[in-house]
Amino acid sequence: MSSIKYRVNHNPILYNHLTKMYHVGRRFFHTYSDAKANQWQCDKCKMAFSSFKELKTHKTGKHSY
Ligand SMILES: [Zn+2]
């Protein structure tokens, strides 16, 4: 169960040497910390979070999982 959620909501941070930016899914960030703060994304409303715990709290509150 948790591995499916991980695959759906977690975006790996990829550094692009050409743009000198960090890619997280389709979004771009100038710093690694910014990228890390947006690694977890809600599949319902696309809001981003820095941890799975925050995402889970958001889902429980907003989408009543
Ligand atoms: Zn949401």
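Structure: above.
Residues numbered from 1 in each chain as written. Predicted model: local features only at pLDDT ≥ 70, side-chain atom pairs only at ≥ 80, totals over all residues. Heavy atoms only, no water.

K.L.:
Any chance you could break down the coordination of the zinc ion for me, citing the residues and the numbers?
P.N.:
On the protein side, the zinc ion has Cys42 (SG), Cys45 (SG), His58 (NE2) and His63 (NE2) as donor atoms, found 2.0 to 2.4 Å from it. The site at the zinc ion holds four donor atoms, and with the angles between them running 102 to 120°, its shape is tetrahedral. Within one chain, the residues donating to the zinc ion are spaced in sequence as C-x2-C-x12-H-x4-H. Of the two residues, Cys42 sits in the loop between β4 (40-41) and β5 (48-49) while His58 sits in helix α3 (residues 52-62), which places them 16 residues apart along the sequence. (Donors = N, O, S within 2.8 Å, 3.2 Å for Na, K, Ca; no water. Tetrahedral: all angles 85-135°; square planar, octahedral: opposite > 155°, others 65-115°. Helix = DSSP H or I, 4+ residues; strand = E, 2+ residues; numbered from the N terminus.)

K.L.:
An account of the pairing of strand β1 (residues 13-16) is needed here, citing residue identities and associated values.
P.N.:
With four bridges connecting them, β1 and strand β2 (residues 21-24) associate as antiparallel partners. Bridge pairing in β2 places Tyr15 opposite Tyr22. (Pairing = 2+ DSSP bridges.)

K.L.:
I'd like a rundown of the packing of aromatic side chains, residues and numbers included.
P.N.:
Tallied over the full model, the rule gives three aromatic pairs. With centroids separated by 5.7 Å and ring planes inclined at 75°, the aromatic side chains of Tyr22 and Tyr32 adopt a geometry described as edge-to-face. Of this pair, Tyr22 sits in strand β2 while Tyr32 sits in helix α2 (residues 32-36), and the two are ten residues apart along the sequence. Relative to Phe52, the ring of Trp40 lies with its centre 5.3 Å away and its plane at 55°, an arrangement referred to as tilted. Here Trp40, found in strand β4, pairs with Phe52, found in helix α3; they are twelve residues apart in sequence, far enough to count as distant. A relative accessible area of 10% means that Trp40 is categorised as buried. Given a relative accessible area of 31%, Phe52 falls into the partly exposed group. (Phe/Tyr/Trp six-rings, centres within 6.5 Å; stacked < 30°, edge-to-face > 60°. Buried < 20%, exposed > 50% of the residue type's maximum accessible area, 1.4 Å probe, protein only.)

K.L.:
Run through the side chain of His23, naming residues and quoting values.
P.N.:
Tracing the backbone through its elements, the reader meets His23 in strand β2. In this view, His23 contacts Pro12, Ile13, Leu14, Asn16 and Phe28; residues no more than four positions away in its chain are not counted. (Contact = heavy atoms within 4.5 Å.)

K.L.:
Could you give an account of the environment of His63, with specific residues and numbers?
P.N.:
Note that His63 resides in the segment after α3. For His63, a relative accessible area of 24% gives the class partly exposed. His63 sits 19 residues away from Lys44 along the chain, and the two C-alpha atoms are 8.0 Å apart. If we skip the residues at most four places from it in the chain, His63 touches Cys42, Lys44, Cys45 and His58. A distance of 3.3 Å separates a polar atom in the side chain of His63 from a polar atom in the side chain of His58. (Polar contact = N/O pair within 3.5 Å; in protein donor to acceptor, adjacent residues only side chain to side chain.)

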